[in-house]
Amino acid sequence: MTAHPGSQAAYQLLKHTARQTLASTPYTGPLWLLDPALVRQQYLALQQALPRARIHYAVKANPHPAILHTLLALGSDFEIASEQELDSLLELGVDAARILYSNPIKARRAIRYAYQHGVRWFASDSVEETLKIAAEAPDATQYLRLEVDNNSSDYPLGTKFGLAIAEVPALLAQAQLHGVDIGGVHFHVGSQCRDPAAWLRAIDTVWPVMTLLREQGFRPRLLNLGGGFPITYDKQAPDIASIGAALMPRLAQLPADCEVVVEPGRYMSGPAGLFICEVINVQHKHGKRWVYADAGMFSGLYELMDGFHYPLELNGGAAGPSGQAILAGPTCDSCDVLSEAMPLPDTLQEGDLLWFYHSGVYTQNLVTTFNGMPAPRVVVCQPGGATAAS
Ligand SMILES: *Cc1c(COP(=O)(O)O)cnc(C)c1O
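Calculation rules
Residues numbered from 1 in each chain as written. Predicted model: local features only at pLDDT ≥ 70, side-chain atom pairs only at ≥ 80, totals over all residues. Heavy atoms only, no water. UniProt positions renumbered as here; feature names shortened; annotations may be inferred. Pairing = 2+ DSSP bridges. Helix = DSSP H or I, 4+ residues; strand = E, 2+ residues; numbered from the N terminus. Near = heavy atom within 4 Å. Polar contact = N/O pair within 3.5 Å; in protein donor to acceptor, adjacent residues only side chain to side chain. Areas by Shrake-Rupley, 256 points an atom, 1.4 Å probe, with all protein chains shown as cover. Nonpolar A, V, L, I, M, F, W, Y, C, P; charged D, E, K, R; others polar. Phe/Tyr/Trp six-rings, centres within 6.5 Å; stacked < 30°, edge-to-face > 60°. Buried < 20%, exposed > 50% of the residue type's maximum accessible area, 1.4 Å probe, protein only. Lys NZ or Arg CZ within 6 Å of the ring centre and 35° of its normal. Arc of directions from axis to C-beta. Contact = heavy atoms within 4.5 Å. Domains from an automatic or database assignment. Buried area = accessible area lost by both parts, 1.4 Å probe.

The chain appears in an unreviewed UniProt entry as ornithine decarboxylase from Aquitalea palustris. Per UniProt, the comment on the chain under Sequence similarities (unreviewed entry) is "Belongs to the Orn/Lys/Arg decarboxylase class-II family." The UniProt entry for the chain carries this comment under Cofactor (unreviewed entry): "pyridoxal 5'-phosphate".

And the structure:
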């Protein structure tokens, strides 16, 4: 078991900044603290674990400029899903030719826009998408998003995306007809994948397509392993060093001219976030303890509903003995129930603050102000311990 994030040295700046922020201004609503140093730590550990792979950060995970800026300074590349994500990278001076547009479902106008701005690598998982890209981005390279097993992941993505291997020949026939450069393959094992062997199985699934591409006269040179690298929630997850140790021998067998890419999202920005919200009501109904917070699914805590339980502290200290409770958000919508069975401190009462660690991903950018609930205030940690609001 790894120690609770709140007790680890790397998280002390986050903790210090949270304490300082709460001491200097009275609590008036949810807070989100972000420490770019933790993004840096994640990046360096991944680079060390998988030296064979180029890192393309999945911008959708958390597009906060402090994160993008930190990664750019480290030499990271990026993966995008939309025109707006592209714009945020171009503003920072990212070279568009190095960006991967990996969302396999794109509006024609989005393809055109990206192409006009210099993007040259686009994912496809259907004949239809391949023809759209061929029309709007004529000399661009396409890579095929293939269907792989998502059963080892806590958040599978498999049914919405991915071309079945059996469908590949038909797509290649069309690609040949239209002179499309199919430059490689791509998969995603599903988010928060806790079994390193899932990537190995996926490589075995997609490698025959690389061979087929070569046989048919294409120039396959990209093997994109996607995202899915896990972080610590309440269930045990392997660390990045052990995932690297499992993958490196397999990657070492690949031809030297095959470029290997990873697209981490959750892994990269998750640990950098600390979300703080307040308990506004504790009551017992129908024999169950209900805990209502001043933040809920509409404040960006959607993933609690998928069973991702963030490591919790109570008022910035140990949570103490905890029994199960129902955790719900503050809005008038009955679906705003975050967890039907979450371990929450027995002593919990109105006014307590819940500190959720590892909440820097798939949160901040999902916020709405439904019901007039204010968006959480974002505070970025500064190296010296000062704070900057943004
Ligand atoms: C969301 C996404 C990622 C990042 O996934 P994580 O599970 O957060 O690492 C990477 N690639 C693509 C194409 C994605 O859609």
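And the narrative resumes.
Asks: Please explain the sheet that holds strand 4 (residues 100-101) as it appears in this structure.
Replies: Sheet architecture is closed into a barrel: eight strands sit in the order 2-3-4-5-6-8-10-11, paired in parallel fashion. Pairing of strand 5 (residues 121-124) with strand 6 (residues 141-145) involves four bridges; the strand directions are parallel. Looking at strand 6, one finds that Phe122 is bridged to Gln142.

Asks: It is not clear to me how the site of the ligand should be interpreted in this structure. Could you clarify?
Replies: Near the ligand you find 15 residues, and of these Lys60, Ser191, Glu263, Arg266 and Tyr362 are the closest. Here Ser191 contributes a side-chain N or O atom positioned 2.5 Å from an oxygen atom of the ligand. Starting from 390 Å² of accessible surface for the ligand in isolation, the protein chains cover 92%. Taken together, the residues that form the shell around the ligand break down as three nonpolar, seven polar and five charged.

Asks: Sorry, what's going on with the packing of aromatic side chains here?
Replies: Pairs of aromatic rings are described using the distance from one ring centre to the other and the angle between the two planes. One pass over the full model with this rule turns up eleven aromatic pairs. Between Tyr155 and Phe308, the aromatic rings sit 6.4 Å apart at their centres with planes inclined by 45°, giving tilted as the arrangement. One end of the pair, Tyr155, is in strand 7 (residues 153-155); the other, Phe308, is in the loop between strand 13 (288-293) and strand 14 (312-314), with 153 residues separating them in the sequence. We classify Tyr155 as partly exposed; its relative accessible area is 32%. We classify Phe308 as buried; its relative accessible area is 2%. Through a chain of ring-to-ring contacts, three or more aromatic side chains come together here, namely Tyr155, Tyr233, Phe308, Tyr310 and Phe356. Positioned over the ring face of Tyr101 is Lys106, at 5.7 Å from the centre of the ring. The side chain of Lys285 reaches across the aromatic face of Trp290, ending 4.5 Å from its centre.

Asks: Explain helix 7 (residues 168-177) here, please?
Replies: Given 3.6 residues per turn, any residue in an α-helix points the same way as the ones three and four places further on. Taken as a whole, helix 7 has its buried residues at Val168, Leu171, Leu172 and Ala175. Each buried residue of helix 7 sits inside an arc of 100° when the element is viewed along its axis, so together they form one side. Turning to helix 7, the residues buried within the fold contact strand 5, helix 6 (127-136), strand 6, strand 8 (181-186) and helix 8 (197-215).

Asks: What should I look at first to understand helix 3 (residues 65-74) in this one?
Replies: Taken residue by residue, helix 3 has Ala66, Ile67, Leu68, Thr70 and Leu71 as its buried positions. Positioned one or two residues after helix 3, Gly75 has a phi angle of 95°, which is positive.

Asks: I tried to follow the domain arrangement of the chain on my own but got confused; where do I start?
Replies: The accessible area lost on association of the parts is a frequent measure of interface size. Domain parsing of the chain yields domain 1 (5-34 + 270-388) and domain 2 (37-268). For domain 1 versus domain 2, the separation of C-alpha centres amounts to 32 Å. Taken together, the contact between domain 1 and domain 2 spans 22 residues of the former and 23 residues of the latter. If you sort the residues of domain 1 by the area they bury against domain 2, Pro271, Phe308 and Tyr362 come out on top, with a joint share of 30%.

Asks: Sorry, what's going on with the side chain of Asn103 here?
Replies: Within the fold, Asn103 resides in the loop between strand 4 and helix 5 (108-116). For Asn103, the side chain forms a polar contact with the main-chain oxygen of Ala81, separated by 3.4 Å. A polar atom in the side chain of Asn103 sits 3.0 Å from the backbone nitrogen of Ile105. Sequence-distant contacts of Asn103, that is, excluding residues within four places in its chain, are made with Glu79, Ile80, Ala81 and Ala123.

Asks: What's the story with the UniProt feature "modified residue: N6-(pyridoxal phosphate)lysine" (unreviewed entry) in the chain in this structure? I'm lost.
Replies: This chain's UniProt record puts "modified residue: N6-(pyridoxal phosphate)lysine" (unreviewed entry) on Lys60. In this fold, Lys60 is placed in the loop between strand 2 (53-58) and helix 3.

Asks: Looking at this structure, how should I read the UniProt feature "domain: Orn/DAP/Arg decarboxylase 2 N-terminal" (unreviewed entry) in the chain?
Replies: Under the present numbering, the feature "domain: Orn/DAP/Arg decarboxylase 2 N-terminal" (unreviewed entry) in UniProt falls on residues 39-269. Annotation note: span residues 39-269, helix share 41%, strand share 17%, distance between end C-alpha atoms 6 Å.

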